Amino acid sequence: MALASGGMLAGTARAATKEAAAKPAKFEVGKSYFGENQYIEYLPGNAPVILTAPHGGSLRPDTIPDRTRDACAARTVVANDSNTAALVLAMRESFHARFGTYPHVVINRLARRKLDANRGVKDGACGNPDAERALTEWHAFIDAAKAQVLETTGRGWYMDIHGHAHAIPRLELGYLLTGDQIDRTDDELNASAALKGKASVRTLLKGPAPLSTLLRGPTSLGTLFAENGFPAVPSAGDPGPQGERYFGGGDNTRRHTCGSAASPAGGTTDGMICGVQIETNFKGVRDTPENRQRFGDATAIALEKFLGAHWGIELKAKEAVKAAGQK
């Protein structure tokens, strides 16, 4: 895999800081691009899907002090999400195997104790210039990917990939709604303008499907994951966390999807890139190469059906494209 000059690419990344950039920076599919010090890695894609792994890095440079609650913020967390970098790469390969195209992938290669790429600058970088630069590059590469998706497809889908250690081994799909909010009835969800505006699928709600259908209907992402071997909440069979621990989405999902928090965070509210945070359980998903590939395969199948049904994005398996061409 080709690696390009970090310093040059860091400048390129900083130049691509807005989703609606007039002329997106051009990156070559099949290469890796890094910011300064190679702390942030970007693998460009040619599909309207963006995958990020903010907590899967292992680099611990001495030039960046460890983040602590005393120095950063009371909620400072330093534990990594084990194997999430490897997981997004497996998802990338499964996507390519099914569709012949690649999603965009951005990975934070720094350990979380050095940089939390799902936090604001104070908590995430803790006042260190190198960490602050890496966080700027993190968002700039995501913005570059979003700009490329918008230029080529006009709309796209973003997924921030994490790992959890909660008692129930299931995927937790975070749409920027709390567990208590998701536990509401379908009628309550669909009647709430505040929840529909806040959700990370806000723009999709301009279509015919109500919020409850997008969250846990028969063609919801959670239901499709469950049908392909990965139990998920919310979904048709597991409609809400019912008081159990649940992650509803963090700073990356607020900034890079289409909910009401996007514009204040530097993204685009009501924009054409929506998405979700996915908290993955370890055993059966992240623990082995075989399970990571299995999850990648299930993700490709689920995205094909979900995006086709609800977001006007037609991802076609290579076999279907070949068959159509032979008719």
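Trainee: So, the overall build of the protein chain: which residues are in play, and what are the values?
Mentor: If you tally the helices and strands in the protein chain, you get 14 helices and nine strands. Of all intrachain contacts in the protein chain linking residues separated by at least 6 positions in sequence, the fraction that spans at least 24 positions is 76%. Approximately 13,100 Å² of the protein chain is accessible, and the part contributed by carbon and sulfur atoms is 52%.

Trainee: Tell me what's going on with unusual backbone geometry, and back it up with residues and numbers.
Mentor: A cis amide bond links Val233 to the next residue, Pro234, at an omega of -5 degrees. For Asn83, which is not glycine, the phi dihedral falls at a positive 70 degrees. Note on placement: Asn83 falls in the loop between strand 4 (49-53) and helix 2 (84-99). Its identity is not glycine, yet Leu176 carries a phi of approximately 70 degrees, on the positive side. Residue position: Leu176 is located in the loop between strand 7 (171-174) and helix 5 (179-182).

Trainee: Residue-level account of the packing of aromatic side chains, with values.
Mentor: Within the structure shown, the criterion is met by eight aromatic pairs. Taking 5.0 Å as the distance between ring centres and 85 degrees as the angle between the ring planes, the aromatic pair formed by Phe27 and Tyr42 counts as edge-to-face. Pair noted here: Phe27 is in the loop between helix 1 (6-15) and strand 2 (31-34) and Tyr42 is in strand 3 (residues 40-43), with a separation of 15 residues, a long-range link. Relative to Phe141, the ring of Tyr42 lies with its centre 5.4 Å away and its plane at 35 degrees, an arrangement referred to as tilted.

Trainee: Got a sec to walk through the pairing of strand 7? Specific residues and values, please.
Mentor: With burial as the criterion, each face of strand 7 is covered, one bearing Leu171 and Leu173 and the other bearing Glu172 and Gly174. Bridge analysis of strand 7 against strand 8 (residues 232-233) gives two bridges, and the strand direction is parallel. Across the sheet, the residue bridging to Glu172 is Val233, located in strand 8. Pairing geometry for strand 7 and strand 9 (residues 273-280), over three bridges, is antiparallel. By the bridge assignment for strand 9, Leu173 is matched with Ile278.

Trainee: Could you give me a rundown of helix 4 (residues 129-152), with the residues and numbers involved?
Mentor: Since the α-helix advances by 3.6 residues per turn, residues separated by three or four positions end up pointing in the same direction. Here helix 4 spans 35 Å end to end across 24 residues, near enough to the 34 Å set by a 1.5 Å rise per residue. Downstream of helix 4 by a residue or two, Gly154 has a phi angle that is positive, lying close to 85 degrees.

Trainee: Can you tell me about helix 2, naming the residues and giving the values?
Mentor: A rise of 1.5 Å per residue sets the reference length of helix 2, with its 16 residues, at 22 Å; its end C-alpha atoms lie 22 Å apart and thus fit the reference within 8%. Every buried residue of helix 2 is accounted for by Thr84, Ala85, Leu87, Val88, Ala90, Met91, Arg92, Ser94, Phe95 and Phe99. The first or second residue beyond helix 2 is Gly100, which carries a positive phi of 80 degrees.

Trainee: Tell me about the pattern of salt bridges, residues and numbers included.
Mentor: Tallying each qualifying case throughout the model produces 20 salt bridges. Residues joined by salt bridges that share partners form a network here, namely Arg67, Arg112, Asp116, Arg119 and Asp123.

Trainee: Talk me through the state of the cysteines; I want residue IDs and the actual numbers.
Mentor: If you walk through the whole model with that rule in mind, you get two disulfides. A sulfur-sulfur separation of 1.8 Å characterises the disulfide bridge that pairs Cys72 with Cys126. The S-S bond linking Cys72 to Cys126 shows a torsion near -105 degrees; that makes this disulfide left-handed. In this pair, Cys72 is assigned in the loop between strand 4 and helix 2 and Cys126 in the loop between helix 3 (121-125) and helix 4, connecting sequence segments 54 residues apart.

Trainee: Talk me through the confidence of the model for the protein chain; I want residue IDs and the actual numbers.
Mentor: Parts of the prediction with low pLDDT should not have their coordinates interpreted in detail. Summarising the model, the protein chain shows a mean pLDDT of 91, and 90% of its residues fall at 70 or more. In the predicted structure, residues 1-22 sits below a pLDDT of 50 and forms 52 contacts with residues beyond four places in sequence or in another chain.

Trainee: Summarise the nonpolar core; cite the residues concerned and give the values.
Mentor: Core analysis: the biggest nonpolar cluster contains 53 residues, and Trp157, Met159, Leu211, Leu221, Leu303 and Leu307 have the highest contact counts within it. Examining the composition of this core, we find that seven residues originate from one element, helix 13 (residues 289-310), more than from any other. Core analysis: the second largest hydrophobic core is formed by 23 residues, Phe27, Leu110, Leu115 and Ile273 among them.

Thresholds applied
- Residues numbered from 1 in each chain as written.
- Predicted model: local features only at pLDDT ≥ 70, side-chain atom pairs only at ≥ 80, totals over all residues.
- Heavy atoms only, no water.
- Helix = DSSP H or I, 4+ residues; strand = E, 2+ residues; numbered from the N terminus.
- Contact = heavy atoms within 4.5 Å.
- Areas by Shrake-Rupley, 256 points an atom, 1.4 Å probe, with all protein chains shown as cover.
- Phe/Tyr/Trp six-rings, centres within 6.5 Å; stacked < 30°, edge-to-face > 60°.
- Buried < 20%, exposed > 50% of the residue type's maximum accessible area, 1.4 Å probe, protein only.
- Pairing = 2+ DSSP bridges.
- Expected span 1.5 Å × (residues − 1).
- Salt bridge = Lys/Arg side-chain N within 4 Å of Asp/Glu carboxyl O.
- Disulfide = S-S within 2.5 Å.
- pLDDT = per-residue confidence, 0-100.
- Core = buried A, V, L, I, M, F, W, Y, C linked by side-chain atoms within 4.5 Å.

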